[in-house]
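Examining the three-dimensional arrangement
Listed here are the chains, written in short residue letters.
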Amino acid sequence: MSDGNQFLMLLLGSGLTLLGGYIAHKRELSSQAKESLKEKKSLLLSLDSEAGVLWELYSHEVGNDLTKLNPGDMYMSYYPLSQNYFVIYDRNAAQIGSLDNENLQRAIIAFYCRAKGIVDDHQFHNRVLDEHTRLSYLARISPTPDILEALNNNETMIKNNTQGLVSLCNEVGQRLVDMKREIRREVKSIDEKLGIVKLHY
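A short tour of the structure in this document, coming up.

Parameters at a glance
- Residues numbered from 1 in each chain as written.
- Predicted model: local features only at pLDDT ≥ 70, side-chain atom pairs only at ≥ 80, totals over all residues.
- Heavy atoms only, no water.
- Helix = DSSP H or I, 4+ residues; strand = E, 2+ residues; numbered from the N terminus.
- Buried < 20%, exposed > 50% of the residue type's maximum accessible area, 1.4 Å probe, protein only.
- Contact = heavy atoms within 4.5 Å.
- Areas by Shrake-Rupley, 256 points an atom, 1.4 Å probe, with all protein chains shown as cover.
- Axes fitted to C-alpha atoms, helices over the stretch in contact; angles between N-to-C directions.
- Parallel < 35°, antiparallel > 145°, perpendicular 65-115°, else oblique.
- Left-handed = near helix turned anticlockwise from the far one by under 90°.
- Nonpolar A, V, L, I, M, F, W, Y, C, P; charged D, E, K, R; others polar.
- Phe/Tyr/Trp six-rings, centres within 6.5 Å; stacked < 30°, edge-to-face > 60°.
- Expected span 1.5 Å × (residues − 1).
- Polar contact = N/O pair within 3.5 Å; in protein donor to acceptor, adjacent residues only side chain to side chain.
- Salt bridge = Lys/Arg side-chain N within 4 Å of Asp/Glu carboxyl O.
- Core = buried A, V, L, I, M, F, W, Y, C linked by side-chain atoms within 4.5 Å.

**A few points about the overall build of the protein**
The helix and strand inventory of the protein stands at five helices and zero strands. Across the protein, helices and strands are ordered from the amino to the carboxyl terminus as α-α-α-α-α. For the protein, the proportion of its 201 residues judged to be buried stands at 32%. Sequence-distant contacts, at least 24 apart, represent 80% of the contacts inside the protein between residues at least 6 apart. Carbon and sulfur atoms provide 55% of the accessible area of the protein, an area that totals close to 12,900 Å².

**Considering the packing of helix α4 (residues 102-141) against helix α5 (residues 145-194)**
Any two packed helices are characterised by the angle at which their axes cross and by the distance between the axes. Put simply, α4 and α5 touch, their axes get as near as 8 Å, and they point 160° apart. With respect to α5, the axis of α4 lies roughly antiparallel. At the point where α4 passes α5, the crossing takes the left-handed sense. For the contact of α4 with α5, the residue count by class is 27 nonpolar, nine polar and nine charged.

**Here's the deal with the packing of aromatic side chains**
Taken as a whole and judged by the stated rule, the model has five aromatic pairs. Ring geometry for F86 against Y112: centres 5.9 Å apart, planes inclined by 80°, an arrangement best described as edge-to-face. With F86 in the loop between α1 (3-66) and α2 (87-91) and Y112 in helix α4, this pair connects stretches of sequence that are 26 residues apart. Of the residues examined, Y112 reaches a relative accessible area of 0% and is grouped as buried. Between F111 and Y112 the ring centres are 5.1 Å apart and the planes differ by 80°, which places this aromatic pair in the edge-to-face class. Neither F111 nor Y112 differs from the other in exposure class; each is buried. Among the aromatic side chains, those forming a connected cluster through ring pairs are F86, Y89, F111 and Y112.

**Quick word on α4**
Between its first and last C-alpha, α4 extends 59 Å over 40 residues, near the 58 Å set by a 1.5 Å rise per residue. The N-cap of α4, judged by a side-chain oxygen 3.1 Å from the amide nitrogen of N103 a few residues on, is N101.

**Observations concerning the pattern of salt bridges**
All told, the structure shown has 11 salt bridges when counted by the stated rule. K40 is paired through a salt bridge with D100; the nearest N and O atoms lie 3.2 Å apart. With K40 in helix α1 and D100 in the loop between α3 (93-97) and α4, this pair connects stretches of sequence that are 60 residues apart. Under the relative-accessibility criterion, K40 is labelled buried at 17%. Using a relative accessible area of 67% as the deciding quantity, one classes D100 as exposed. Residues joined by salt bridges that share partners form a network here, namely D178, R181, E182 and R185.

**Quick notes on the environment of S82**
Counting through the fold element by element, S82 comes out in the loop between α1 and α2. With relative accessibility at 22%, the residue S82 sits in the partly exposed group. Along the primary structure S82 and K116 are separated by 34 residues, whereas in three dimensions their C-alpha atoms are 9.0 Å apart. Setting aside residues up to four positions removed in sequence, S82 forms contacts with V119 and Q123.

**Topic: the nonpolar core**
Counting residues in hydrophobic clusters, the biggest one holds 35 residues, and the most contacted among them are Y58, I108, F111, Y112 and M179. Only α1, α4 and α5 provide two or more residues apiece to this core. Beyond its immediate sequence surroundings of up to four residues, M179 is in contact with L47, D48, A51, A107, I108, F111 and Y112.

The following block contains the structure:
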């Protein structure tokens, strides 16, 4: 074999090796991209489920009663809450913050921030109700002007808090609708990229 042919074969072999490496690299990247999409989809569906279940429970236990109140009514039920319900959101806050879909990111954060606001408002409302119990007792055994004024101020605060809870309840319900809509859109887009065909989601 002549030197020219040897050089040509060497060049061809090197080219094929590079091409093979490039194809393998592209396949690896494609595999990593698919895995990333699957993880993203899993996170979104988990958030969708968490938010839906929490809101269903809250609506059943409190929200439905709040939305039936009239302006000036006082919500007098003590409802113990904590911030420990938002497990999936809290554990994946960094991933949510790095989502490349701005509308989706904003919808998720908006819902959870306002939902956490409901917890804070109920905790404050509970303390006001505790004070109302104390003042009501004092007003029965010693109805001094100061005690009666404090009780009146407390009841005004309860009315204001009640309206705040009603307003926030309505807002969070709409935020949930917005978040679920954006999640559906993103999951549909992910399924298309993964080649998954679904008639309904």
